[in-house]
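# Report on the structure
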Amino acid sequence: MAMDTHGSSSFSSFQAYARALAQTPTRLARRAFSVSTSFEEMSRVRARSGSDMQRNLRWFDLVGFGLGGMVGAGVFVTTGRASRLYAGPAVVLSYAIAGLCALLSAFCYTEFAVDMPVAGGAFSYLRVTFGEFAAFLTGANLVMDYVLSNAAVARSFTAYLGTAAGFSTTKWRFTVSGLPKGFNEIDLVAVAVVLIITLIICYSTRESSVVNMVLTAMHILFIAFVIVVGFWRGDWKNFTEPADPRRHPDGFLPFGVSGVFNGAAMVYLSYIGYDAVSTLAEEVKNPVKDIPIGVSGSVMLVTILYCLMAASMSKLLPYDAIDPEASFAAAFRGESDGWKWVSNVIGAGASFGILTSLMVAMLGQARYMCVIGRSNVVPSWFARVHHKTCTPVNASAFLGIFTAAIAVFTDLNVLLNLVSIGTLFVFYMVANAVIYRRYVSVGATNPLPTVSFLVSFSLTSIIFTLIWHFAAPGHGKEAMLGMCTVVAVGVLQMFQCMVPQVRKPEHWGVPLMPWLPSISIFLNIFLLGALDRPSYVRFGYFSALAVLVYVLYSVHASFDAQGDGSYILKNAEIPKESEASVVVEDV
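Since we're looking at a predicted model, the values are computed, not measured.

### Focus on the overall build of the chain
Counting its regular elements, the chain contains 23 helices and two strands. For the chain, the residues scored as buried account for 59% of the 587 residues in total. The long-range share in the chain, meaning contacts at least 24 apart out of those at least 6 apart in sequence, stands at 84%. Carbon and sulfur atoms make up 68% of the accessible area of the chain, which totals about 22500 Å².

### Remarks on the side chain of Ser314
Along the polypeptide, Ser314 turns up in helix H14 (residues 287-316). Under the relative-accessibility criterion, Ser314 is labelled buried at 2%. The residues contacting Ser314, other than those within four sequence positions of it, are Pro89, Val91, Asn238 and Phe239.

### Considering the pattern of salt bridges
Considering all chains together, one arrives at six salt bridges under this definition. Among the ionic pairs, Asp290 bridges to Arg58, the shortest N-O distance being 3.2 Å. Of this pair, Asp290 sits in helix H14 while Arg58 sits in the loop between helix H4 (44-47) and helix H5 (59-70), and the two are 232 residues apart along the sequence. For Asp290, a relative accessible area of 0% puts it in the buried group. We classify Arg58 as partly exposed; its relative accessible area is 27%. The partner of Arg374 in a salt bridge is Glu282, with the nearest N and O atoms 2.9 Å apart. Remark: Glu282 occurs in the loop between helix H13 (272-278) and H14 and Arg374 occurs in helix H16 (residues 340-374); sequence separation between them is 92 residues. Accessibility assignment for this pair places Arg374 and Glu282 in one class, buried.

### Some details on the environment of Leu21
With respect to the helices and strands, Leu21 occurs in helix H1 (residues 14-22). When the C-alpha atoms of Leu21 and Leu552 are compared, they prove to be 7.2 Å apart, with 531 residues separating the residues in sequence. Non-local contacts of Leu21, meaning those with residues more than four positions away in its chain, are made with Leu552 and His556.

### Some remarks on the packing of aromatic side chains
Applying the stated criterion to the full structure yields 29 aromatic pairs. Between Phe261 and Trp468, the ring centres sit 5.9 Å apart and the planes meet at 80°, which makes this aromatic pair edge-to-face. Here the residue Phe261 occupies a position in helix H12 (residues 256-267), and Trp468 occupies one in helix H19 (residues 448-470), the gap between them amounting to 207 residues. By relative accessible area, which is 15% here, Phe261 ends up buried. Summarising the aromatic geometry, the rings of Trp381 and Phe382 are spaced 5.2 Å apart at their centres and angled 75° between planes, so their arrangement reads as edge-to-face. Overall, Trp381 belongs to the partly exposed group, its relative accessible area being 46%.

### Here we look at helix H21 (residues 515-528)
An α-helical segment advances 3.6 residues per turn. Residues three or four places apart therefore align on the same side. The end-to-end C-alpha separation of H21 is 20 Å, in line with the 20 Å expected for 14 residues at 1.5 Å each. Of all 14 residues in H21, 11 are buried, a share of seventy percent or more. Among the residues of H21, those classed as buried are Leu516, Pro517, Ser518, Ser520, Ile521, Leu523, Asn524, Ile525, Phe526, Leu527 and Leu528.

### Details of the environment of Thr24
Looking at the element boundaries, Thr24 is found in helix H2 (residues 24-31). Separated by 531 residues in sequence, Thr24 and Val555 place their C-alpha atoms 7.9 Å apart. Contact partners of Thr24, with chain neighbours within four places excluded, come to Val551 and His556.

### Here's the deal with H14
End to end, H14 covers 42 Å across 30 residues, agreeing with the expected 44 Å (1.5 Å per residue, within 8%). Across the 30 residues of H14, 23 count as buried, placing the element largely inside the fold.

### A few points about a nonpolar patch on the surface
Taken together, the side chains of Val451, Val455, Leu459, Ile462, Leu466 and Phe470 define a hydrophobic patch exposed on the protein surface, amounting to about 560 Å² of accessible area. Position of Phe470 among the secondary structure elements: in helix H19. We classify Phe470 as exposed; its relative accessible area is 66%.

What counts, and where the lines are drawn
- Residues numbered from 1 in each chain as written.
- Predicted model: local features only at pLDDT ≥ 70, side-chain atom pairs only at ≥ 80, totals over all residues.
- Heavy atoms only, no water.
- Helix = DSSP H or I, 4+ residues; strand = E, 2+ residues; numbered from the N terminus.
- Buried < 20%, exposed > 50% of the residue type's maximum accessible area, 1.4 Å probe, protein only.
- Contact = heavy atoms within 4.5 Å.
- Areas by Shrake-Rupley, 256 points an atom, 1.4 Å probe, with all protein chains shown as cover.
- Salt bridge = Lys/Arg side-chain N within 4 Å of Asp/Glu carboxyl O.
- Phe/Tyr/Trp six-rings, centres within 6.5 Å; stacked < 30°, edge-to-face > 60°.
- Expected span 1.5 Å × (residues − 1).
- Patch = residues over 30% accessible without salt bridge, like charges linked within 9 Å, V, L, I, M, F, W, Y side chains within 5 Å.

Here you go:
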């Protein structure tokens with residue numbers, strides 16, 4: 001097949017690779033901004049996997065995957081940290097803000113997924129919009145997000161399992177003195193969990209859905225128990241009074257409004273699950289009906305559950321007494337009137353929920369890697385779908401082992417910050433892409449007005465964010481923030497009035513275009529500004545590594561695939577395919 005023949009050209013020998021490197025500028029110019037089409041992604045590109053994934057999922061399967069994927073990974077891992085370190089009792093508002101941001105991003109994902117129901121998620125969406133390089137950079141961040149997120153959740157599973165069994169976490173982990181702090185606690189339980197789930201998801205997606213539906217239904221009952229007990233046993237004064245008022249500020253907003261947004265950036269990890277739902281689009285029976293309900297519906301349900309659970313935890317304990325690693329289970333640890341057993345029940349239930357979230361997230365990461373393999377920017381071995389199981393076995397096994405390797409030694413805090421910044425960046429890119437695709441038709445319209453709007457709106461959002469975080473409090477700061485708001489709204493209104501849409505979604509589209517995607521752009525930038533400097537340093541290093549991989553390998557493999565006929569359509573031919581979806585508006 002064509003996808004295997006590129007090894008005989010750029011990578012067939014050292015001399016061939018040296019010649020390819022010498023041609024890197026030319027190949028970058030030709031491939032980096034080359035775009036695919038929806039037709040290409042759903043036909044020739046998908047065919048590179050060999051066997052097809054079976055279309056046997058319905059909307060309730062997607063809602064179940066969304067609930068199973070998000071609930072557990074979010075509340076049980078990030079709530080304690082966000083409340084203790086950033087937001088205090090106002091962590092409830094942090095979840096609401098992060099949920100709004102996720103819902104707007106979910107609308108953007110849904111428009112793409114309905115129009116192009118493939119397993120690639122954001123990678124495929126950006127490949128048909130901004131080209132190969134933007135898609136690769138985003139796809140690399142997405143895959144790493146999933147790996148780090150799953151590693152973080154697996155390590156949290158150890159903490160809750162220890163609580164359920166009545167043992168300290170230190171009894172389940174051992175320390176290696178020669179490794180740096182943050183990377184020196186070995187967690188073999190987390191490794192075992194990741195590897196077992198890897199075997200399960202390799203077997204069948206449909207059977208995985210059935211198991212997930214049963215486990216998620218039981219998990220929702222557990223969540224209801226946590227909410228009821230929290231509101232019943234808790235005290236409202238914990239929303240405003242810390243345990244140690246001499247050392248910690250009081251009030252519902254002990255760290256101010258900025259703390260709420262810092263907390264929102266931290267808990268954004270909990271919404272990665274809906275992105276996994278979008279990667280299952282290729283296996284959905286009726287994408288037009290099922291995907292909007294499954295993606296957006298699961299985000300709304302989960303946001304409500306998160307806010308209720310965060311409120312119940314805040315009522316149970318003052319924020320400065322919350323255990324940042326196992327917040328819910330530890331809330332009953334100090335009870336002396338016969339309620340200590342609840343701590344064990346919560347630990348067992350949280351462990352149970354974390355297993356479902358791991359399974360869904362690992363399904364998603366494998367499908368991302370599979371579609372990235374189809375594009376030839378990583379070895380096509382990852383694209384293979386097994387003919388018996390109809391699952392991407394190669395991608396599932398590789399990423400499962402990689403996740404286990406990260407989970408064995410990396411501290412939770414190191415993982416969470418890096419995951420948040422990568423996720424926000426990807427959602428920011430998808431929001432830009434949905435606007436670009438509505439207003440630009442390649443080869444038929446001038447992209448400059450749309451690109452100018454996206455750049456200017458993003459810059460205004462960045463300036464607003466910098467002023468919010470670094471300007472001294474006072475009337476001057478308020479005036480500058482107000483000025484940025486006026487400029488952003490003015491630019492948005494001018495764009496809406498002056499630039500017509502050239503593409504109308506045939507089945508489902510983001511409402512109030514371009515306002516909702518633009519709000520999503522702003523919120524993602526604002527939440528990015530709430531993260532700490534080490535997060536940006538780590539993100540910068542990884543993005544630089546991704547660029548290096550693209551320059552040294554991916555662009556040459558992609559160029560070879562194009563020369564071998566794997567890419568039949570050229571950019572000049574794209575308008576012919578897209579004419580059916582382009583609408584010429586009356587002026």
